[in-house]
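Each chain, written out:
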Amino acid sequence: MAGLFALARTMLAAPGAAPGWGYLRAFAEAAMVGGLADWFAVTALFRHPLGLPIPHTAIIPENKDRIADSLAGFLQSNFLTPQVVARRMAGLDVAGAAGSFLAAPRQGGEQGRLAAGAASLAADILESLDREKLGGMAKQALRQQIDRIDLAPLLGQMLQAMIADGRHLPLIEALLAKTAQTLEANEALLRNLIHDRANALVRLVKLDERLANTILDGIYKLLAEAVVHPDHPLRMKIVEGLEQLAHDLVEDPAMRARVEGMKAEVLANPAFTDWLDALWERARGGLLAAVRGGGNGALSGQIGVALADLGRALQTDRQLALLVNRFARRTLVGVASRYGSQIVRLVSETIRRWDARTVTARIEGAVGRDLQFIRINGTLVGGLVGLALHALDMAL
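Residues numbered from 1 in each chain as written. Predicted model: local features only at pLDDT ≥ 70, side-chain atom pairs only at ≥ 80, totals over all residues. Heavy atoms only, no water.

Trainee: Where do I start with the overall build of the protein in this structure?
Mentor: The helix and strand inventory of the protein stands at 19 helices and 0 strands. The buried share of the protein, taken over its 396 residues, is 24%. The contacts of the protein with a sequence gap of at least 6 include a subset with a gap of at least 24, amounting to 68%. In the structure as shown, the protein presents an accessible area of about 25,900 Å², 64% of it carried by carbon and sulfur atoms. (Helix = DSSP H or I, 4+ residues; strand = E, 2+ residues; numbered from the N terminus. Buried < 20%, exposed > 50% of the residue type's maximum accessible area, 1.4 Å probe, protein only. Contact = heavy atoms within 4.5 Å. Areas by Shrake-Rupley, 256 points an atom, 1.4 Å probe, with all protein chains shown as cover.)

Okay, structure coming up:
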């Protein structure tokens, strides 16, 4: 516009110049003023024009904290109030959307790509987290949960339930059979023990071998009869012992203290720490294999079938859909009510932590193209106004 103004002014000064050059000069002159004014106004939003500390310039950097608080207040007042969230959620069918996604075919389509992307993202996040720190937190959480469990009453109640349902009988039979197998496998050791314990006179008359046979045969007979006869005294004695143990685990403070002591010893044992390490590695490896496993991943197989069934239920079962939508609405309203101020405070504090240059660069980068059109539009509008004023002046 400056060049156009210089050309029009030069041509207008020549003898016999056409009147049109006057209109062009008025247009260019006003356009320069409009362009410069808009350049100044746009630049003053983000920095001091030409680096000069002119008052009321660099508006955004100078008012960064006030802008952050105003933006946070705007978000809380217009988006994160319980009333707004409830009104917005009233028109959303969360259950239908979830059901449509879960029931859709896993191969191809937007749902398939979304599922694959979500699985890949989950795997990337899991792999990016510090392996030792994450494992330490998981193992510490598991250790704390085990430590909080009052183990003795739990074991006692389980044992009482087993006895009441008769589920202890196969255990007793298996125990008796295993005892017989152990004795049979170590029969030579037992015979040697009996021979060694027998006195010299018994060994001299060769009664030690007969004694060993009698003892072993008696034990085998006792175990076999206990296995066969449900009312055998040995079996009843074992049941009586189990019932007493179940009672002591629930009612006896001394027994409960012993169990807690044994639990503490187990938790403090290095072998338990090694077991936790192996458990964590298996869980982490299994999760990574599930989300990275493609066709064999967590979204396929039986889990995929179950998810598809759940999706169809959400689409067809009106009562279930109503419950899910109501739960989603109440959950989000509760989040807005309890944590809305904290969420907007996070926005405010984040912007406050940015330096002025960062704020300026991010806002200007977001609207930079529009800012350039503001300058162009200001130039053209200024030129047209100048042209109109010149025409009015010539007419008068």
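Trainee: When you look at unusual backbone geometry in this model, what are you seeing that I'm missing?
Mentor: In the Ramachandran plot, Leu50 falls in the positive-phi region, its phi being about 55 degrees despite a non-glycine side chain. In the Ramachandran plot, Ala58 falls in the positive-phi region, its phi being about 50 degrees despite a non-glycine side chain. Secondary-structure assignment places Ala58 in the loop between helix 2 (20-46) and helix 3 (59-62). With relative accessibility at 4%, the residue Ala58 sits in the buried group.

Trainee: In this structure, what is going on with the pattern of salt bridges? I would like to understand it.
Mentor: If the charged atoms of two oppositely charged side chains come close together, the side chains can form a pair. Counting across every chain of the model gives 4 salt bridges. Across the pair Asp165 and Arg167 runs a salt bridge, and its minimum N-O distance is 3.1 Å. Asp165 gets classed as exposed once you look at its relative accessible area, which sits at 54%. A salt bridge links Arg235 to Glu173, with the shortest nitrogen-to-oxygen separation between them at 3.5 Å. Placement of Arg235 in helix 14 (residues 233-251) and of Glu173 in helix 10 (residues 168-185) is noted, with a sequence separation of 62 residues between them. (Salt bridge = Lys/Arg side-chain N within 4 Å of Asp/Glu carboxyl O.)

Trainee: Would you explain the packing of helix 1 (residues 2-13) against helix 2 in this entry?
Mentor: How two helices sit against one another is set out by the angle between their axes and by the gap between those axes. With their axes 8 Å apart at the nearest point, helix 1 and helix 2 run at an angle of 150 degrees to one another. Our classification of the angle between helix 1 and helix 2 gives roughly antiparallel. Here the hand of the crossing between helix 1 and helix 2 comes out left-handed. Of the residues in helix 2, those touching helix 1 at Ala2, Leu4, Phe5, Leu7, Ala8, Arg9, Met11 and Leu12 are Trp21, Gly22, Leu24, Arg25, Ala28, Glu29 and Met32. (Axes fitted to C-alpha atoms, helices over the stretch in contact; angles between N-to-C directions. Parallel < 35°, antiparallel > 145°, perpendicular 65-115°, else oblique. Left-handed = near helix turned anticlockwise from the far one by under 90°.)

Trainee: Where do I start with the packing of helix 4 (residues 64-78) against helix 18 (residues 318-353) in this structure?
Mentor: Interhelical geometry of helix 4 versus helix 18 gives an angle of 160 degrees and a closest axis separation of 8 Å. In terms of orientation, helix 4 and helix 18 fall into the roughly antiparallel class. With respect to the hand of their crossing, helix 4 and helix 18 are arranged in right-handed fashion. Taking contact as the criterion, the partners of Lys64, Asp65, Ala68, Asp69, Leu71, Ala72, Leu75 and Gln76 in helix 4 are, on helix 18, Gly340, Ser341, Val344, Val347, Ser348, Ile351 and Arg352. Split by residue class, the contact of helix 4 with helix 18 holds 7 nonpolar, 4 polar and 4 charged. (Nonpolar A, V, L, I, M, F, W, Y, C, P; charged D, E, K, R; others polar.)

Trainee: Please explain the environment of Thr57 as it appears in this structure.
Mentor: By secondary structure assignment, the location of Thr57 is in the loop between helix 2 and helix 3. On the accessibility criterion, Thr57 (5% relative accessible area) is buried. Between the C-alpha atoms of Thr57 and Ala44, which are 13 residues apart in sequence, the distance is 4.4 Å. Every residue in contact with Thr57, bar those within four places of it in the chain, is listed here: Phe40, Ala44, Arg47, His48, Pro49, Leu52 and Glu62.

Trainee: Just checking my understanding: could you explain helix 4 for this structure?
Mentor: Structurally, the α-helix is built with 3.6 residues per turn, so residues lying three or four positions apart point the same way. Here helix 4 contains 15 residues, and its C-alpha end-to-end distance of 21 Å stays within 8% of the 21 Å for a straight helix at 1.5 Å per residue. Among the residues of helix 4, Lys64, Ala68 and Ala72 are the ones counted as buried. Across the axial projection of helix 4, the buried residues extend over an arc of 75 degrees, all falling on one side. Against the buried residues of helix 4 lie helix 3, helix 18 and helix 19 (356-395). (Expected span 1.5 Å × (residues − 1). Arc of directions from axis to C-beta.)

Trainee: How should the environment of Glu243 be read in this particular structure?
Mentor: You can see Glu243 is positioned in helix 14. Taking the relative accessible area as the measure of exposure, Glu243 reaches 41% and is therefore partly exposed. Remark: the alpha-carbon pair of Glu243 and Ala164, spanning 79 residues in sequence, is separated by 9.9 Å.

Trainee: Help me understand the side chain of Arg375, please; the structure alone is not making it clear to me.
Mentor: Take Arg375: it is sitting in helix 19. For Arg375, the side chain forms a polar contact with the side chain of Gln372, separated by 3.1 Å. Beyond its immediate chain neighbours, meaning those up to four positions away, Arg375 contacts Gly35, Asp38, Trp39, Val42 and Thr43. (Polar contact = N/O pair within 3.5 Å; in protein donor to acceptor, adjacent residues only side chain to side chain.)

Trainee: So what exactly am I meant to see when it comes to the confidence of the model for the protein here?
Mentor: In low-pLDDT regions, the fine details of the predicted coordinates are not to be read closely. Residue-level pLDDT values for the protein average 78, and 83% of them are 70 or greater. Mean pLDDT across the elements of the protein bottoms out in helix 12 (residues 200-204) (52) and peaks in helix 1 (90). Segment residues 107-111 is flagged for pLDDT under 50; beyond a separation of four residues in sequence, or across chains, it makes 2 contacts in the model. (pLDDT = per-residue confidence, 0-100.)

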